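Commentary on secondary and tertiary structure
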Amino acid sequence: MLARLHYALLLQQRSLNSTLPAAQATGKITIRPHSIVHSVIFDRSTRKATGVRVIDGQTREALEFRGRILFLCASALESARILLNSSTTEFSNGLANSSGELGRNLMDHCMGGGATGLIPGNEDKITLGHRPNGIYVPRFRNVKEKHPGFVRGYGFQGDGVRQNWQRGAWMTGFGADFKHTLSRPGPWMFTFYGFGECLPNHENYIELDTQRVDAWGVPALKIHCAWRENERALLKDMTLTASEMLSAAGAKQIEPFLEDNAPGLTIHEMGTARMGRDPKTSVLNAHNQAHDVKNLFITDGACMTSSACVNPSLTYMALTARACDFAVDQMKRGEL
Amino acid sequence: MQRREALRLLAAAAALPVLSRDAFSLFREVHEQLAAAPALKTLNPHQNAMVTAISELIIPQTDTPGAKAVRVNEFIDLILTEWYDDDERQRFLAGLADVDVRSRDVFGKDFVDGSEKQQLQIVSSLDEELAGIRQPLDLHREGRFAPTEKQFFYMMKRLTLVGYYTSQAGFEQERHEHIIPPRHAGCASIEEEAT
Ligand SMILES: Cc1cc2nc3c(=O)[nH]c(=O)nc-3n(C[C@H](O)[C@H](O)[C@H](O)COP(=O)(O)OP(=O)(O)OC[C@H]3O[C@@H](n4cnc5c(N)ncnc54)[C@H](O)[C@@H]3O)c2cc1C
């Protein structure tokens with residue numbers, strides 16, 4: 001939860017105020033809101049994606065848009081859903097899915113192991129206003145030494161704040177004195193909140209729901225995803241190391257916590273059309289280009305092969321820029 | 001932020017420090033919703049009287065308003081109705097019924113019919129039991145830590161606090177907080193806070 005406090009930072013990197021204005025300045029872009037992509041159109045003879053079927057979000061009119069190359073960037077779940085909904089005779093289980101990996105290896109960061117502790121002193125000091133920031137502890141597990149219990153690792157977000165009235169829920173007491181105590185700031189409290197790497201697992205997958213459709217008549221998704229042994233081990237280790245760090249820093253009343261969060265709560269879903277060298281085991285190549293359909297690119301979280309433990313958006317943006325650069329180069333060479 | 005997420009914050013047994021601004025504004029919306037449609041939807045009049053009395057014992061009127069004055073009972077009713085799932089609602093209502101059972105056992109009458117002293121005694125025993133249940137997380141045991149959040153009195157206390165301190169009077173008069181802070185400072189003296 002704490003992590004949500006830091007999400008405001010993301011606002012600076014949105015396409016709405018960075019890449020879209022830049023694209024608009026070229027005078028070569030048409031922005032068409034209220035356009036819900038239904039599926040991708042595939043031409044058997046050229047083996048290329050020729051466009052998308054779109055439902056107008058206001059009139060419900062069915063439209064088609066054509067293009068020389070196609071970038072899908074509807075987010076990990078949605079890009080995969082669009083392709084799963086674009087089956088052809090040749091790709092009977094989803095477009096560009098000869099590997100069978102489309103929709104597979106769904107990941108999200110496992111979060112919610114950590115600890116809190118009270119930091120004595122400085123009772124005459126406080127922060128004013130809403131704090132915009134926090135701390136970050138980069139991954140230290142399995143960097144130099146191999147950990148016996150798990151592979152990969154986790155990072156911590158966190159911050160130090162003075163406890164407020166909410167401490168009342170954990171305090172014994174009630175009544176006028178209790179109320180008076182809560183009207184004043186409590187002790188300084190420091191929290192480490194862990195975000196761990198989720199490993200790709202074939203059995204974490206999405207599929208089209210044959211029973212239910214969304215508001216546009218597109219099949220809804222059925223999501224099958226669970227934490228596995230490695231993620232559980234990471235979560236547990238977070239509580240231990242967070243407590244150790246707090247203890248080394250002189251914190252008192254250290255309380256480890258281990259939340260029971262379902263995958264999805266971290267809202268960092270990714271991995272449904274993974275990259276790889278081998279077209280038999282992956283959907284995309286190293287340039288986010290579909291192995292099966294050369295003019296189709298997927299540039300969102302779907303391409304991820306594992307999840308690392310850091311917030312993902314910057315990586316997606318870098319991969320997208322790289323894929324665009326590649327596509328432009330290929331177009332110039334006449335390959336696309 | 002979704003309601004479920006804010007609710008999880010409410011239930012969290014670990015002492016996470018601060019309600020995020022998102023959660024705060026969600027709870028502010030509940031207060032606004034209440035002003036528009038104050039009728040009770042889940043609590044019957046008897047249950048409502050109990051919730052009103054217990055919340056006022058937790059946060060009484062002093063030189064600032066108490067839980068009753070800011071209508072924490074209605075806040076709780078709305079959370080029970082619209083936010084809680086069946087299981088949580090049932091657990092809360094069963095806990096309420098149990099308060100009456102305790103009161104009848106000891107004093108031979110319903111909680112709301114008891115004197116202030118008798119009510120205090122019941123609530124004190126609930127609070128002490130909660131303190132007894134609260135244990136630090138045992139890392140060597142599988143599963144979740146002590147299910148404090150499932151205890152009626154924990155829910156009651158937490159809902160009262162959230163209802164009270166996210167109300168206009170609660171955050172302005174009692175905590176001197178501002179939705180739009182007049183000033184930002186990374187390290188200020190505590191006297192500056194109240195000004
Ligand atoms: C509350 C929240 C906070 C987060 N905070 C952080 C953070 O601090 N740091 C970080 O790195 N990551 C954060 N994330 C994760 C991050 O936002 C996502 O990983 C990232 O936005 C994914 O980028 P994307 O381009 O793949 O998809 P999105 O940003 O989801 O973009 C997909 C776009 O496609 C559109 N779309 C979907 N389906 C269709 C369709 N059928 N037709 C037409 N359009 C469609 C959607 O409307 C959307 O505009 C956060 C996520 C959430 C929800």
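Each chain has its residues counted from 1, following the order in which its sequence is written. All chains are assigned letters beginning at A, and all ligands numbers beginning at 1, according to the order in which they are written. With pLDDT at 70 or above as the cut-off, local features in this predicted model cover only qualifying residues; side-chain atom pairs require 80 or more to be listed or tallied, and sums for whole chains, interfaces and linings still use all residues. Water and hydrogen atoms were dropped before computing side-chain values, which therefore reflect all heavy atoms in the structure.

**Quick notes on the overall build of chain A**
- When you go through chain A residue by residue, the secondary structure sums to 5 helices and 13 strands.
- Dimensions along the principal axes, computed over C-alpha positions, put chain A at roughly 75 × 45 × 45 Å.
- Considering chain A as a whole, with its 336 residues, one finds that 48% of them fall into the buried category.
- The criterion used for residue contact is that any of the two residues' heavy atoms lie within 4.5 Å. Taking the contacts inside chain A whose residues are at least 6 apart along the sequence as the reference set, 69% of them involve residues at least 24 apart.
- When the accessible area of chain A is evaluated, it comes to approximately 16100 Å², of which 54% is carbon and sulfur surface.
- As used throughout, the charge tally considers Lys and Arg to be positive and Asp and Glu to be negative, leaving His and the chain termini uncounted. To locate a charge, the coordinates of NZ of Lys, CZ of Arg, CG of Asp or CD of Glu are taken. Averaging the positions of the 37 positive and the 32 negative side-chain charges in chain A gives two centres separated by 4 Å. Helix numbers and strand numbers start at the N terminus; a helix is a DSSP run of H or I with at least 4 residues, a strand a run of E with at least 2. To sort residues, take the accessible area from a 1.4 Å probe on protein chains only and compare it with the maximum for the residue type: under 20% means buried, over 50% means exposed, and anything in between is partly exposed. Each accessible area is a Shrake-Rupley estimate made with a 1.4 Å probe; only the visible protein chains count as cover when residues are assessed.

**Examining the overall build of chain B**
- Tallying secondary structure elements over chain B gives 9 helices and 1 strand in all.
- Counting helices and strands in the order they occur from the N terminus, chain B gives α-α-α-α-α-α-α-α-β-α.
- Taking all 195 residues of chain B together, the buried fraction comes to 52%.
- Contacts in chain B between residues far apart in sequence, at least 24 positions, make up 68% of those at least 6 positions apart.
- Surface summary for chain B: the accessible area is close to 9100 Å², and the carbon and sulfur share equals 51%.

**A few points about the pattern of salt bridges**
- Criterion for a salt bridge: a side-chain nitrogen of Lys or Arg within 4 Å of a carboxyl oxygen of Asp or Glu. For the coordinates displayed, the defined rule picks out 18 salt bridges over all chains.
- Between Glu101 of chain A and Arg274 of chain A there is a salt bridge, and its shortest N-O distance comes to 3.9 Å. Of this pair, Glu101 of chain A sits in the loop between helix H2 (76-84) and strand E5 (110-119) while Arg274 of chain A sits in the loop between strand E12 (252-258) and strand E13 (296-298); the two residues are 173 residues apart in sequence, bridging distant segments of the chain.
- Across the pair Asp110 of chain B and Arg104 of chain B runs a salt bridge, and its minimum N-O distance is 2.5 Å.
- Here the salt bridges share partners, and the residues they tie into one network are Glu78, Arg81 and Asp214 of chain A.

**Examining the packing of aromatic side chains**
Residues and elements named next belong to chain A.
- Within 6.5 Å between ring centres, the rings of Phe, Tyr and Trp (the latter by its six-membered ring) count as paired, and their orientation is classed by plane angle as stacked under 30 degrees, edge-to-face over 60, tilted in between. Going through the model one piece at a time under the given rule, you end up with 15 aromatic pairs over all chains.
- Note on Phe42 and Phe91: the rings are 5.5 Å apart at their centroids and 75° apart in plane angle, and the pair reads as edge-to-face. One end of the pair, Phe42, is in strand E1 (residues 35-43); the other, Phe91, is in the loop between H2 and E5, with 49 residues separating them in the sequence. As far as burial versus exposure is concerned, Phe42 and Phe91 are alike and both buried.
- Each ring, one from Tyr154 and one from Phe156, has its centre 5.4 Å from the other, and the planes form 75°; the classification is edge-to-face.

**What to know about the domain arrangement of chain A**
Residues and elements named next belong to chain A.
- For the domains described, the bounds stem from an automatic or database domain assignment. We note that the domain assignment places domain 1 (35-107 + 269-332) and domain 2 (110-201 + 227-258) within chain A.
- Contacts between the two partners involve 10 residues from domain 1, matched on the other side by 14 residues from domain 2.
- Summed over both partners, the accessible area lost on bringing two parts together, with a 1.4 Å probe, is the buried area. Carbon and sulfur atoms supply 51% of the area that domain 1 and domain 2 bury against each other, a total of about 780 Å² over both sides.
- Applying the counting criterion to the domain 1 and domain 2 interface returns 0 salt bridges.
- Of the residues belonging to the side of domain 1 that touches domain 2, the class tally is 4 nonpolar, 5 polar and 1 charged. The residue classification treats Ala, Val, Leu, Ile, Met, Phe, Trp, Tyr, Cys and Pro as nonpolar and Asp, Glu, Lys and Arg as charged. All others, Gly included, are polar.

**Side note on the pairing of E5 of chain A**
All names here are of chain A.
- Of all 10 residues that make up E5, 9 are buried, and the element is covered over most of its length.
- A pair of strands counts as paired when DSSP detects no fewer than two bridges linking them. In this sheet, E12 lies alongside E5 in antiparallel orientation, the contact comprising 5 bridges. Counted as the bridge partner of Gly114 is Phe257 from E12.

**Overview of the side chain of Glu56 of chain B**
All names here are of chain B.
- Considering the arrangement of structural elements, one finds Glu56 in helix H3 (residues 45-58).
- Buried within the structure, Glu56 lacks any salt-bridge partner; Lys68 is the closest side chain of opposite charge, at an N-O distance of 6.9 Å.
- In contact with Glu56, not counting residues within four places along its chain, are Gln61, Gly66, Ala67, Lys68 and Ala69.

**Some words on the side chain of Ser55 of chain B**
- Tracing the chain through its elements places Ser55 of chain B in helix H3.
- Setting aside residues no more than four positions away along its own chain, Ser55 of chain B makes contact with Ala67, Val72, Met156 and Thr160 of chain B.

**Points about the nonpolar core**
- The biggest cluster of nonpolar side chains holds 52 residues, and the ones touching the most others in it are Val40, Leu83, Leu284, Val293 and Leu296 of chain A.
- For this core, the element with the most residues is H2 of chain A, which contributes 6 residues.
- Each of two domains, domain 1 (35-107 + 269-332) and domain 2 (110-201 + 227-258) of chain A, supplies a minimum of three residues to this core.
- Those residues in contact with Val40 of chain A that lie beyond four places of it in its chain are Ala49, Gly51, Val52, Arg53, Leu70, Leu72, Ile82, Leu83, Ser86 and Leu95 of chain A.
- Membership of the second largest hydrophobic core comes to 49 residues, among which are Trp165 of chain A together with Leu26, Ile122 and Tyr164 of chain B. To define a nonpolar core, start from buried Ala, Val, Leu, Ile, Met, Phe, Trp, Tyr and Cys residues and group those joined through side-chain atoms within 4.5 Å.

**Some thoughts on the sheet that holds E5 of chain A**
Residues and elements named next belong to chain A.
- Pairing is antiparallel in the open sheet, where 5 strands are placed in the order E7-E8-E9-E5-E12. The two strands at the open ends of the sheet, each matched to only one other strand, are strand E7 (135-137) and E12. The sheet shows a mean angle of 20° between the axes of neighbouring strands, direction not considered.
- With respect to the sheet, helix H4 (residues 229-248) is in contact with E5, strand E8 (154-162), strand E9 (188-196) and E12, its orientation differing from that of E5 by roughly 15°. Convention adopted: a line fitted to C-alpha atoms gives each axis, helices being fitted over their contacting stretch, and angles between N-to-C directions are expressed from 0 to 180 degrees.

**Notes on unusual backbone geometry**
- A positive phi angle, close to 50°, is found at Asn122 of chain A, a residue other than glycine.
- Tracing the chain through its elements places Asn122 of chain A in the loop between E5 and strand E6 (125-128).

**Looking at H3 of chain B**
- Given the number of residues in a helix, its expected span is that number minus one, multiplied by 1.5 Å. The end-to-end C-alpha separation of H3 of chain B is 20 Å, in line with the 20 Å expected for 14 residues at 1.5 Å each.
- The element H3 of chain B is largely enclosed, with a buried count of 11 among its 14 residues.
- Considered for burial, the residues of H3 of chain B that qualify are Gln47, Asn48, Met50, Val51, Thr52, Ala53, Ile54, Ser55, Glu56, Leu57 and Ile58 of chain B.
- Those residues of H3 of chain B that are buried lie in contact with helix H3 (176-182) of chain A together with helix H4 (72-83), helix H5 (86-107), helix H6 (116-133) and helix H7 (152-165) of chain B.

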